[in-house]
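# Reading the structure
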Protein chains: 2
Amino acid sequence: VDPVGADGPSADVPLVPGGVIRHKHGYMRRYFFPMEPVPVILTDTNLVKPALSWNLEYLEKNLGDGDFSVFYSKDHKFKYYDQAKYNDKVVPDFTPPMSQATMKFSEFLVKFRQWKHGQPRMYLQHPLNDSVGKAIKDDFLAFNWKWLESVQKEHNWGNLSSNLIYIGMEGNVTPVHYDEQENFFAQVEGFKRCILFPPETFECLYPYPVFHPHDRQSQVDFDKPDFESFPKARHLRGFECVLEPGDVLYIPKYWWHHVESLLGAGHTTSINFWYKSGPLTQVEYPLKPQRKVAMIRNLEKVVTEALGNPFEVGPLFEALALGRYI
Amino acid sequence: VDPVGADGPSADVPLVPGGVIRHKHGYMRRYFFPMEPVPVILTDTNLVKPALSWNLEYLEKNLGDGDFSVFYSKDHKFKYYDQAKYNDKVVPDFTPPMSQATMKFSEFLVKFRQWKHGQPRMYLQHPLNDSVGKAIKDDFLAFNWKWLESVQKEHNWGNLSSNLIYIGMEGNVTPVHYDEQENFFAQVEGFKRCILFPPETFECLYPYPVFHPHDRQSQVDFDKPDFESFPKARHLRGFECVLEPGDVLYIPKYWWHHVESLLGAGHTTSINFWYKSGPLTQVEYPLKPQRKVAMIRNLEKVVTEALGNPFEVGPLFEALALGRYI
Ligand SMILES: [Zn+2]
Ligand SMILES: [Zn+2]
């Protein structure tokens, strides 16, 4: 679906469920953040142009001999969990749904290439840092930082917090979640299907409590949604797109995203750019959905902290809300 | 029911539902606030001893010609509402369940004495202030302020905020609610039946939202409880007592109380002493039920304020809690 058409977007392109917004770079400046931040696919930013030659052989030769973080999952889902919150042990029956290993890139590639159906799937997710070789470093320095800085400035974002490189098997899924930072998600190799939901779908996606290791992840399993426990998930309508090499997807903070490496199209490589939020702007009423999510997170943290016991959080919210507000 | 018996209380008298705790003054100092504040009936404080001669004739003669606040209710219930919150009009379909009039005391007495079944009931509720005559002023000054001050000091209460005088018809009911101040409720004439519930029954009593004119009042109607809307009201177990002239009931802040003037026993006159809370003490875990109620009130206020629209409060708490904590 491409509601924009060959002529590029016009001013009143609606962000329709199931549609894909494809903006030319030139249009982005016009339509970016029309009322509130909205996801866009940018096709001509040249953001990671030098990385478009980063096939596995090139990476093997040039990524250096640093240690890389590789996740293993018994199924296709790589559901993130917060190690610090897992260590807190406030959810006693929590079992990490994936395991994490550290290995040299060459070692990763051997396992990655030898992988057979039925074995645990692999997903490399690691910050691009100083341990990389000179060629990669040069490529990195040749990213379109000038454009990034102009966007950062224009929208008053905070600092770039990290660049992660993702190398995944076809069929790998990052289940639906939201991040608290602005994200440019650059596709390098292979194809990624993304499904996006605006922040106001918070109530349809039932994120875990903030103190839970799966904080920011939805409890709704897209493979077999439990509509009895999560009835509002029925109302979910999202935005779907497929990223190709060279595409950059802007994922505004608090926007939910499900990301999957397309089956039958080989492995995928992506690089993301996370930016911290800028200073808080003047509060406007009615409150933006993003602000409400931030507020909910804050309330949960304050209450969990004040009660001194996460097991009392549910009963307190129940006493507060049930029969009174709900 | 008098679990204490003729010998006075012993150290392990349990505060059993339906029971009445009758403490001698001498014992109060020992058993007051055993773990946390608990209601007691004090029978020998002599707190308002000079007022025990305040029958209607005496009051008529000595209360002075100030204006008094009198509530009218079409039934037996005098359900308090906050005029300021009513003025806010955040609950558009709210109708005050009683009306308020201002009149001289003599005028009140005429109407009070001529009242016939089927007419709106009357309840005088007015601060004892400087407009009273000399005899009343002298009586007032002869209250047991020395004892009050010793209690206030011992328990680190704040200032006395007000003394109200209540003159009600037999059968008048003040429906179940809680106050945010410490209260000594002194019975002067007639008999009042009180039913008390501890702060932890908050969830069983479903108070209105804080921005509602009926803030601090229960939504549960004790005449015909709606157990479908308020299922936990089934679990309510309270403490019942009947106050006689000379009795002083200590109602700790956040303790729920239903007060009714006993039928067939004539009109009632009471005087209360409200004390502000003292400075916050060190937080102890697990949090006391009083603290939790204060916290819930705070959260509701913060959220109502931050959203800038009370109609968004319910949806926000629903998004926060439903399918996530509840
Ligand atoms: Zn993400
Ligand atoms: Zn009260």
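Note that the structure is a prediction, hence the values are computed from the model and not measured. (Residues numbered from 1 in each chain as written. Chains lettered and ligands numbered in written order. Predicted model: local features only at pLDDT ≥ 70, side-chain atom pairs only at ≥ 80, totals over all residues. Heavy atoms only, no water.)

### Regarding the interface of chain B and chain A
To keep things clear, this is the line we draw: In what follows, residue pairs with any heavy atoms lying within 4.5 Å of each other are defined as contacts. Note on terms: buried area is the combined drop in 1.4 Å-probe accessible area of two parts once they are placed together, counting the loss on both. The term salt bridge refers to a pairing of a side-chain nitrogen on Lys or Arg with a carboxyl oxygen on Asp or Glu at a separation within 4 Å. Each polar contact in these results corresponds to two N or O atoms within 3.5 Å; when the atoms are within protein, one needs to be able to donate a hydrogen and the other to accept it, and residues that are neighboring in sequence are counted only if both atoms are side-chain atoms. Counting from the N terminus, the helices are the DSSP runs of H or I reaching at least four residues and the strands are the DSSP runs of E reaching at least two. Residues are grouped as follows: nonpolar covers Ala, Val, Leu, Ile, Met, Phe, Trp, Tyr, Cys and Pro; charged covers Asp, Glu, Lys and Arg; every other residue, Gly included, is treated as polar.
Opposite the 39 residues of chain B that make contact, chain A presents 39 residues. Interface area, chain B with chain A, both sides summed: about 3400 Å², of which 68% is carbon and sulfur. The interface formed by chain B and chain A contains six salt bridges. Between B:Glu300 and A:Arg324 there is a salt bridge, with the nearest N and O atoms lying 2.3 Å from each other. At the boundary of chain B with chain A, the tally comes to 16 residue pairs in polar contact (both at pLDDT 80 or more). When residues of the side of chain B that touches chain A are traced back to their parent elements, those giving at least two are helix 7 (202-205), helix 8 (289-307) and helix 9 (313-321) of chain B. Residue composition of the side of chain B that touches chain A, grouped by class: 26 nonpolar, five polar and eight charged.

### Considering the sheet that holds strand 12 (residues 256-261) of chain A
Residues and elements named next belong to chain A. To be explicit about the condition: Strands qualify as paired when DSSP identifies two bridges or more between them. Here an axis means a line fitted to C-alpha atoms, over the contact stretch when the element is a helix, while the angle between two N-to-C directions is reported on a 0 to 180 degree scale.
Taking strand neighbours across the sheet as the criterion, the four strands line up as 7-12-9-10 in an open arrangement whose pairing is antiparallel. Each of the sheet's edge strands pairs with one partner strand only, and the pair in question is strand 7 (173-177) and strand 10 (239-243). The average angle at which neighbouring strand axes cross in this sheet is 15 degrees, direction not considered.

### Comments concerning the state of the cysteines
As a reminder, the rule being used: Disulfides are defined as pairs of cysteine sulfur atoms found within 2.5 Å of each other.
Across all of its chains, the model carries zero disulfides over all chains by this definition. A disulfide-free cysteine, B:Cys204 has its sulfur positioned 20 Å from the sulfur of B:Cys241, the nearest such atom.

### Overview of the coordination of the zinc ion (ligand 2)
Residue and element names in this part refer to chain B. Keep this limit in mind: Donor atoms: N, O and S within 2.8 Å of the metal, or within 3.2 Å for Na, K and Ca. Because water is excluded, sites can look incomplete.
Bound to the zinc ion (ligand 2) on the protein side are His 177 (NE2), Asp 179 (OD) and His 257 (NE2), at distances that span 2.1 Å. Spacing between the donor residues of the zinc ion (ligand 2) along their common chain follows H-x1-D-x77-H. A residue pair is termed long-range when its members are at least 10 positions apart, and His 177 in strand 7 (residues 173-177) and His 257 in strand 12 (residues 256-261) qualify at 80 residues.

### Brief notes about the environment of A:Leu307
Tracing the backbone shows A:Leu307 in helix 8 (residues 289-307). Separated by 177 residues in sequence, A:Leu307 and A:Asp130 place their C-alpha atoms 43 Å apart.

### Here's the deal with the coordination of the zinc ion (ligand 1)
In the first shell of the zinc ion (ligand 1), the protein supplies A:His177 (NE2), A:Asp179 (OD) and A:His257 (NE2), at 2.1 Å from the metal. On the primary sequence, the residues serving as donors to the zinc ion (ligand 1) are separated as H-x1-D-x77-H.

### Notes on the sheet that holds strand 12 of chain B
All names here are of chain B. Within the open sheet, the four strands sit side by side as 7-12-9-10. Their pairing is antiparallel. Each edge of the open sheet is held by one strand with a lone partner, namely strand 7 and strand 10 (239-243). The mean inter-strand angle of the sheet, taken between neighbouring strand axes irrespective of direction, is 15 degrees. Sheet topology places strand 9 (residues 192-197) next to strand 12; six bridges connect them, and they run antiparallel. Note that in strand 12 the partner of Phe 197 across the bridge is Trp 256.

### Considerations on the confidence of the model for chain A
Rule in force here: Values of pLDDT, the confidence the predictor places in each residue, fall between 0 and 100.
The predicted model of chain A averages 88 in pLDDT, with 89% of residues at 70 or higher. Within the model, pLDDT remains below 50 along residues 1-35 of chain A, and this stretch shows 72 contacts once partners closer than five positions in the same chain are excluded.

### So, the pattern of salt bridges
Under the counting rule described, the total for this entry stands at 36 salt bridges over all chains. Connected via shared salt-bridge partners are A:Lys77, A:Asp221, A:Asp223 and A:Lys224.

### Section: the packing of aromatic side chains
In plain terms, the rule: Stacked, edge-to-face and tilted are the three classes for Phe, Tyr and Trp ring pairs, Trp counted by its six-membered ring, which pair at centre distances within 6.5 Å; planes under 30 degrees apart are stacked, over 60 edge-to-face, the rest tilted. Relative accessible area decides the class of each residue, using a 1.4 Å probe on protein chains only: under 20% of the type maximum gives buried, over 50% gives exposed, and in between gives partly exposed.
The full count for this structure, using the stated rule, is 54 aromatic pairs over all chains. Plain terms: the ring middles of B:Trp157 and B:Phe184 are 5.5 Å apart, the flat faces sit at 50 degrees to each other, and that makes the pair tilted. Here B:Phe184 lies in strand 8 (residues 182-189) and B:Trp157 lies in the loop between helix 6 (145-154) and strand 6 (160-168), a separation of 27 residues in the sequence. Since its relative accessible area comes to 9%, B:Trp157 is described here as buried. Given a relative accessible area of 0%, B:Phe184 falls into the buried group. Connected via pairs of aromatic rings, a cluster forms that spans A:Trp54, A:Phe140, A:Phe143, A:Trp145 and A:Phe273.

### Structural notes on the packing of helix 8 of chain A against helix 9 of chain B
Stated precisely, the cut-off is as follows: By definition, turning the near helix anticlockwise from the far helix through less than a right angle yields a left-handed crossing, and turning it clockwise yields a right-handed one.
At a closest axis distance of 10 Å, the pairing of helix 8 of chain A and helix 9 of chain B adopts a crossing angle of 65 degrees. The interaxial crossing formed by helix 8 of chain A with helix 9 of chain B has right-handed handedness. Contacts between helix 8 of chain A and helix 9 of chain B pair A:Lys292, A:Met295, A:Ile296, A:Leu299 and A:Glu300 from the former with B:Leu316, B:Ala319 and B:Leu320 from the latter. A class-by-class count of the residues in the contact of helix 8 of chain A with helix 9 of chain B yields six nonpolar, no polar and two charged.

### A look at the pairing of strand 5 (residues 121-127) of chain A
All names here are of chain A. Where burial is concerned, most of strand 5 is hidden: six out of the seven residues are buried. Pairing analysis gives five bridges linking strand 5 to strand 6 (residues 160-168), with the strands arranged antiparallel. Within strand 6, the residue paired with His 126 across the bridge is Ile 165.

### With respect to the pairing of strand 13 (residues 268-275) of chain A
Each regular strand carries side chains that alternate between the two faces of the sheet. Residue and element names in this part refer to chain A. Counting buried positions along strand 13 yields eight of eight residues, so the element is predominantly enclosed. Residue alternation in strand 13 divides its side chains into two sets, Thr 268, Ser 270, Asn 272 and Trp 274 and Thr 269, Ile 271, Phe 273 and Tyr 275, and both sets are buried. As defined by bridge partners, strand 6 adjoins strand 13 across eight bridges and the pair is classed as antiparallel. Residue pairing across strands places Ser 162 opposite Trp 274, the latter belonging to strand 13. Bridge count between strand 8 (residues 182-189) and strand 13: seven bridges; the pairing is antiparallel. Looking at the pairing, Asn 183 lines up with Trp 274 of strand 13.

### What to know about the side chain of A:Asn163
All names here are of chain A. Inspection of the secondary structure assignment puts Asn 163 in strand 6. A distance of 3.1 Å separates a polar side-chain atom of Asn 163 from the backbone oxygen of Asn 272. When near neighbours in sequence (up to four residues on either side) are disregarded, Asn 163 contacts His 126, Pro 127, Leu 128, Phe 140, Trp 145, Ile 271, Asn 272 and Phe 273.

### Section: the relation of the copies chain B and chain A
Which entries qualify depends on this criterion: Fitting of the copies onto one another was done by least squares over C-alpha atoms, counting residues only where both copies have pLDDT of at least 70.
Aligned on chain A, chain B shows an RMSD of 0.0 Å; the corresponding rotation is 180 degrees and the shift along the axis is 0.0 Å. Taken together, these values place the two copies in the relation of a two-fold axis.

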